[in-house]
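# Architecture and fold: a report
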Amino acid sequence: RTHIDLHSSSKLLAWDGWVFGRPACNERFDSGTFTQHFEVHIDQCPVLIERNRLLADSPWMVQPWGLNSSPAIATLVAYPGGELALRAARAACVNNDLVMATCTELDGLVVCRVKAEQLPALRQQMELWLRALRPLVLGCKPIAPRIWAT
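### A short note on the pattern of salt bridges
A full pass over the atoms with the stated rule returns six salt bridges. Salt-bridge contacts for Arg 131 lead to Glu 127; the nearest nitrogen and oxygen are separated by 3.9 Å. Remark: Glu 127 and Arg 131 occur in helix 3 (residues 119–138); sequence separation between them is four residues, near one turn of the helix. One continuous salt-bridge network, built from bridges that share partners, spans Arg 123, Glu 127 and Arg 131.

### Things to note about the sheet that holds strand 2 (residues 12–19)
The strand order 2-5-7-6 describes an open sheet built from four strands, whose pairing is antiparallel. Strands at the two margins of the open sheet, each flanked by one partner only, are strand 2 and strand 6 (99–106). Ignoring which end each strand starts from, the neighbouring axes of this sheet average 15° apart. Pairing between strand 6 and strand 7 (residues 109–116): eight bridges, direction antiparallel. Paired with Cys 103 across the bridge in strand 7 is Cys 112. Relative to strand 6, helix 2 (residues 83–91) is tilted by about 175°, and along the sheet it contacts strand 6 and strand 7.

Thresholds, definitions, all that
- Residues numbered from 1 in each chain as written.
- Predicted model: local features only at pLDDT ≥ 70, side-chain atom pairs only at ≥ 80, totals over all residues.
- Heavy atoms only, no water.
- Salt bridge = Lys/Arg side-chain N within 4 Å of Asp/Glu carboxyl O.
- Helix = DSSP H or I, 4+ residues; strand = E, 2+ residues; numbered from the N terminus.
- Pairing = 2+ DSSP bridges.
- Axes fitted to C-alpha atoms, helices over the stretch in contact; angles between N-to-C directions.
- Contact = heavy atoms within 4.5 Å.

In structure tokens:
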């Protein structure tokens, strides 16, 4: 469960990601349930509320209108957004056989989503968004998070 409360003067660049199974070992998420709650509120008003409950044997996991058997997904949010941030995020989107990415804006919150066949492809997309959005949203140099160096 992730719940983020922002003031309208706040700045945020955050992500939440998941890998189903252990794809590097060819082990799929073939039993069980995954539950996800992700919320962003600005000035106590809900802007993004996601609630997902995924069963391993659900059609959503394998159909093209769902995950299409992609084992890795992530959501990145950026605030404040705006047209410039949204354009930068969309320009950084990769769409090929390994990854599918898209971005939108909800009341000033840029929301980017990605699904990938492999974890390195997902991470590459996240890095592209961080490089594009970090200077615009946070006013900081586009550096990778320290955790990715471990």
